[in-house]
Amino acid sequence: MTIKIEKKIKGYEVVKPEDKAAPAVQATTEQPKEAPMAEVIQMHESLERPEALIGSTFKIKSPLFEHALYVTINDIVLNAGTPYEQRRPFEIFINSKNMDHFQWIVALTRILSAVFRKGGDVTFIVEELKAVFDPRGGYFKAGGVYMPSIVAEIGAVIEQHMKNIGLIHDPEMSDAQRALIAEKRAAYENAAQKKTELSPTDADTNDSAGFPPGATLCAKCNTKALVLMDGCQTCLNCGYSKCG
Ligand SMILES: [Zn+2]
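Because the structure is predicted, anything quoted here is derived from the model rather than measured.

Caption draft 1: Local environment of the overall build of the chain. Counting its secondary structure elements, the chain contains five helices and eight strands. For the chain, the α and β elements follow one another from N to C terminus as α-β-β-β-α-α-β-β-α-α-β-β-β. Of all 244 residues assigned to the chain, the portion counted as buried reaches 32%. Once local pairs closer than 6 in sequence are excluded, the contacts in the chain between residues at least 24 apart make up 49%. Surface accessibility of the chain: about 16,800 Å² in total, with carbon and sulfur atoms responsible for 55%.

Caption draft 2: Structural detail: helix 4 (residues 150–164). With 15 residues, helix 4 extends 21 Å between its outermost C-alpha atoms, agreeing within 8% with the 21 Å of an ideal straight helix rising 1.5 Å per residue. Among the 15 residues of helix 4, 12 are classified as buried, and the element is accordingly described as predominantly covered. Three or more residues of helix 4 are buried, namely I150, V151, A152, E153, I154, G155, A156, V157, I158, E159, H161 and M162. The opening residue of helix 4 is S149, an N-cap whose side-chain oxygen sits 3.4 Å from the backbone nitrogen of V151. Following helix 4 by one or two positions, G166 has its phi on the positive side, about 85°.

Caption draft 3: Focus on the pattern of salt bridges. This model, assessed by the stated rule, comprises seven salt bridges. In this structure, the salt-bridge partner of E91 is R49, at a minimum N-O distance of 2.6 Å. With E91 in strand 3 (residues 86–96) and R49 in the loop between helix 1 (17–29) and strand 1 (54–60), this residue pair connects regions lying 42 residues apart in the sequence. Linking R136 and D134 is a salt bridge whose minimum nitrogen-to-oxygen distance equals 3.3 Å.

About the criteria used
- Residues numbered from 1 in each chain as written.
- Predicted model: local features only at pLDDT ≥ 70, side-chain atom pairs only at ≥ 80, totals over all residues.
- Heavy atoms only, no water.
- Helix = DSSP H or I, 4+ residues; strand = E, 2+ residues; numbered from the N terminus.
- Buried < 20%, exposed > 50% of the residue type's maximum accessible area, 1.4 Å probe, protein only.
- Contact = heavy atoms within 4.5 Å.
- Areas by Shrake-Rupley, 256 points an atom, 1.4 Å probe, with all protein chains shown as cover.
- Expected span 1.5 Å × (residues − 1).
- Polar contact = N/O pair within 3.5 Å; in protein donor to acceptor, adjacent residues only side chain to side chain.
- Salt bridge = Lys/Arg side-chain N within 4 Å of Asp/Glu carboxyl O.

Now the structure itself:
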């Protein structure tokens, strides 16, 4: 069987045996058409890139890199205007003035974009990237968050983006939990203030998003917010406590 292709080929799919069987059945039975069910489009490889995509650009400034990295993630909106509307990442680009690392950055972004377009659950790449450690030891971001590598920070950016578009849901902290952390923090700051009044030379300021100076790294949220309270290590960021 030959079919002359008169239009530009924009994408293709291999016909599976079940696909072939389906139209034949339909033709013979000629059922009265049911109310047309809108077809829910899922992410898949041969989905054509629309002319315009919406996206966000994040800036990464790392002490390991001389220049900032700009990470752009563009999304495709599937089933727009239907109850199945969904925003999914479609492609990622990373730009920088620093060209030293460009070959692996280009390779990484191409593979990430390919994973995005494959469809299915793509959120796993966040954990994969965040688990990459730099042998030089990583660095602290403003706010006291520890980044084990620049790749991990790219993972954190993708995670933030996926949260923004509703692909990853943050386990919501309850109001009670929030209140408890605020209470602990106030108590700690009170105690610390009394100390600094006694020894005014010790009044150094802290740049890490207001967590007390001397706070150590919390293993749960990777933030320098762990303080000793009533003989127990307590995180003033996520509420983690060694004593439960
Ligand atoms: Zn924490």
